[in-house]
Amino acid sequence: MKTKDATNCSLRNVAIIAHVDHGKTTLVDAMFRQSGLFREGQQTEERLMDSMELEKERGITIAAKNCSVVWKGVRINIIDTPGHADFGGEVERALFMADGAVLLVDASEGPLPQTRFVLDKALKAGLKIIVVINKIDRQDARPKQVLDEIFDLLIDLGATEEQLDFPLLYADGRAGISQASLEKKAGNLHLLFDTILSEIPAPSYSRSEPFQMLVADISYSDYLGRLAIGKVVNGSVRSKEQLIRIGEGNGCHPLSVSRLQVYHGPSLKETDIALAGDIVVLSGIDEVQIGDTICTKESPKPLPRIRVDEPTVSMRFCANTSPFSGREGTYVQSSKIRDRLIKEALKNVSIRVEEFGNREGFTVKGRGEFQLVILIETMRREGFELCVGRPQVIFRFEGTKKFEPVERLLVDCEKAFVGTVTEKLTRRKGRMLSFVNHDKGRVRVEFSMPSRGLIGFRDEFLTDTKGTGTLYSYFSGYEEYRGSFPERFTGSLVSDRRGEAVAYALSNLEPRGRIFISPGDPVYEGMVVGEHNRENDLTVNPCRTKKLTNMRAAGKDDAVTLIAAPPMTLERAVRFIREDEMVEVTPKSIRLRKSVLAEVQRKTMRRGA
């Protein structure tokens, strides 16, 4: 590609990057309000950029999204990126469209593992960084120490001298203020807008190059069909123009743009022409994939495709084969599940889908178990009914050596619990890297952990820390296999028949372990109804009723009192199951079951093993 010799000074493309819950979406809300996007007194939703239902419920950003504001005649395209490392594919494709980034760091928590993850991606992309220390209104804010930690993190990531000389602002996103120092009080975000205009470079392009656009995202409209979203790298494009798409393998496919749109706030606005640097949405393209180049027929020149880190975790997906199949879901066929997974792989560059040879299931690979859980939850809400297996890490082999994915784990908990947590992580082949005591009753410990050691650990961690601990991790690379360890010390209570659970039967099972179901819940043979106190599985009858006699005895007719079963969440279910178990997921229910339902067949398989 020729040297870029021009810039589009009427634009700025900036990404907002941060750890989960450090205030990205709240800050973007304040930028919307203060840029004049909404009229005075207009009612608006909170966390406007969290458009997905799951994002609003969980308070996190799952998918990277675009929006824009206008400040002093310059349009600022804002890219709101996820802060969770499992959605790293979203971060990587979104950063391609940006020329700079605003790094948001909590004034109390400081840079956390996923701050490191997103910042590393931004530095490798060569983006200009503006550091904003947010939430300075917190009572436990420590902005000076956090600034030192940011410097240490940048040095550790190999930042250049130019990148270390970053503009610094202090902000309170909820109040909508930004200021140059802790002493200089402000009442708005004007300084942040001005800093973006002065510090973030305008998009550059080559005057001699024809129109080129790299597709960084795909969406769908019921009215316009498939939408291709990306940044115009060179040249300009008009609506209704005849173009071509260069796919993987450099194959050329003609297309006609039916509508050309740009971002106006969180919504889209139709335009007649888009210039270099614009983030545009093209409609009228039947087949398009992330990484494709859209250009003119006269000068078809492909751009380098977007590449992301390889998946590290896989799960098995298959059609629901339980006796309750088809009762609660709309889409139950294997072909429907296949079509939905392929559609997800087209939209999400970090997802891979592989079909089993017998066409009875699929292996879905992603960047972490949380990413796959979000996919399952989304499918469930769309009406799908399916079964999923236990998350498995993806090993690599080099000759005779076996390598496994390893994560950096940051544990923040009260001092009284650190011994128990350290013991359990060490048992799972974790290695302590650092130990910091803040002299406030809490400690922060960093570990190097095999990814498989974290599967099923988070629920155990919350129990051990009485719900007061926090756990963050990010993928750090592959290391030599650290050896095996016991993943679960308990077995399962497995139903031996079909029927409805009875309070009398469950009360007799409570001494055997923890019960997952409530009286009246339907059960079937092979369904996991609880966790056994011992390592082995135990076949039980949750439908047994009290025998009726004509004899009376003191206390015989007392009401049965049960320990309330906590609701089974998808994350808890996926982390609990063993390799021979699955999670049955329907729009209304989440059940645990054995892969082989019949007890006779399971006994035969155990004898054969």
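The coordinates are above.
Residues numbered from 1 in each chain as written. Predicted model: local features only at pLDDT ≥ 70, side-chain atom pairs only at ≥ 80, totals over all residues. Heavy atoms only, no water.

Q: Got a minute to help me understand the sheet that holds strand 13 (residues 242-246) in this structure?
A: For sheets, the rule is that strands pair by backbone hydrogen bonds, running either parallel or antiparallel. Within the open sheet, the eight strands sit side by side as 14-13-19-10-11-18-15-16. Their pairing is antiparallel. The open sheet has two edge strands, strand 14 (252-256) and strand 16 (267-270), and neither has a second partner. The sheet shows a mean angle of 40° between the axes of neighbouring strands, taken without regard to direction. Pairing of strand 15 (residues 259-264) with strand 16 involves four bridges; the strand directions are antiparallel. The partner of H264 across the bridge, within strand 16, is S267. (Pairing = 2+ DSSP bridges. Helix = DSSP H or I, 4+ residues; strand = E, 2+ residues; numbered from the N terminus. Axes fitted to C-alpha atoms, helices over the stretch in contact; angles between N-to-C directions.)

Q: Looking at this structure, I do not really get the packing of aromatic side chains. What am I missing?
A: Two measures describe an aromatic ring pair: the distance that separates the ring centres and the angle between the ring planes. This structure, assessed with the given rule, holds eight aromatic pairs. Here W71 and F193 contribute two aromatic rings whose centre-to-centre distance is 4.6 Å and whose plane-to-plane angle is 20°, an arrangement assigned as stacked. Remark: F193 occurs in helix 7 (residues 190-199) and W71 occurs in strand 3 (residues 65-71); sequence separation between them is 122 residues. By the burial criterion, W71 is buried, and F193 matches it. Ring plane angle 75° and centroid distance 5.9 Å describe the contact between F475 and Y478, whose orientation is recorded as edge-to-face. The lysine or arginine in question, R396, covers the ring of Y478, its NZ or CZ lying 4.0 Å from the ring centre. When the ring centre of F395 is taken as reference, the NZ or CZ atom of K402 above it lies at 4.2 Å. (Phe/Tyr/Trp six-rings, centres within 6.5 Å; stacked < 30°, edge-to-face > 60°. Buried < 20%, exposed > 50% of the residue type's maximum accessible area, 1.4 Å probe, protein only. Lys NZ or Arg CZ within 6 Å of the ring centre and 35° of its normal.)

Q: Quick question: what am I supposed to make of the side chain of N134 here?
A: One can find N134 in strand 6 (residues 128-134). The contacts of N134, once residues within four sequence positions are left out, are H22, G23, L104, V105, D106, A107, A171, D172 and G173. (Contact = heavy atoms within 4.5 Å.)

Q: Explain helix 5 (residues 143-156) to me, please; I cannot follow it from the model alone.
A: Counting along an α-helix, one turn takes 3.6 residues, and residues three or four places apart therefore face a common direction. For helix 5, built from 14 residues, the straight-helix expectation of 20 Å at 1.5 Å per residue is met to within 8% by its first-to-last C-alpha distance of 20 Å. Within helix 5, the full set of buried residues consists of P143, V146, L147, I150, L153 and L154. Looking straight down helix 5, one finds that the buried residues subtend no more than 120° of arc, so they occupy a single side. Looking at helix 5, the residues exposed on the side facing more than 90 degrees away from the buried face are K144, D152 and I155. Against the buried residues of helix 5 lie strand 5 (100-106), helix 4 (113-124), strand 6, helix 6 (161-164) and strand 7 (168-172). Remark: G158 follows helix 5 within two positions and exhibits a positive phi of approximately 80°. (Expected span 1.5 Å × (residues − 1). Arc of directions from axis to C-beta.)

Q: Help me understand the environment of R207 in this model?
A: Within the fold, R207 resides in the loop between strand 9 (204-205) and strand 10 (212-221). Look at R207 and you get exposed, because its relative accessible area is 59%. Sequence-wise, R207 and S473 are 266 residues apart; in three dimensions their C-alpha atoms are separated by 44 Å.

Q: Explanation requested: the side chain of D412 in the structure shown.
A: Tracing the backbone shows D412 in strand 26 (residues 401-414). For D412, a relative accessible area of 13% puts it in the buried group. A distance of 2.9 Å separates polar atoms of two side chains, one belonging to D412 and the other to R442. Leave out the neighbours within four places in its chain, and D412 touches R442, V443, R444, T468, G469 and T470. (Polar contact = N/O pair within 3.5 Å; in protein donor to acceptor, adjacent residues only side chain to side chain.)

Q: Help me understand unusual backbone geometry, please; the structure alone is not making it clear to me.
A: We note that K72 has phi near 55°; this positive angle belongs to a residue other than glycine. Locating K72 in the fold gives a position in the loop between strand 3 and strand 4 (74-80). Residue K72 is classed as exposed on the basis of its relative accessible area of 61%.

Q: Is there a simple way to explain the sheet that holds strand 5 in this structure?
A: Read from one edge to the other, the open sheet built from seven strands follows the order 3-4-2-5-6-7-8, with strand pairing classed as mixed. Looking at strand neighbours, the two that pair on one side only are strand 3 and strand 8 (177-179), the edges of this open sheet. Between one strand and the next, the sheet's axes are offset by a mean angle of 30°, whatever the strand orientation. Where strand 3 and strand 4 come together, seven bridges link them in antiparallel fashion. Considered in strand 4, the bridge of C67 is made with I78. Sheet contacts for helix 4: strand 2 (11-18), strand 5 and strand 6; angle to strand 2, the most-contacted strand, approximately 150°. Docked against the sheet, helix 5 engages strand 5, strand 6 and strand 7, running at close to 155° with respect to strand 6.

Q: Would you mind going over the environment of A216 with me for this structure?
A: In this structure, A216 sits in strand 10. Take A216: its relative accessible area is 0%, and that puts it in the buried class. Taking the C-alpha atoms as reference, A216 lies 7.8 Å from A228; in sequence the two are twelve residues apart. For A216, the residues in contact, after removing those within four places along its chain, are R93, M97, I229, G230, I290 and I306.

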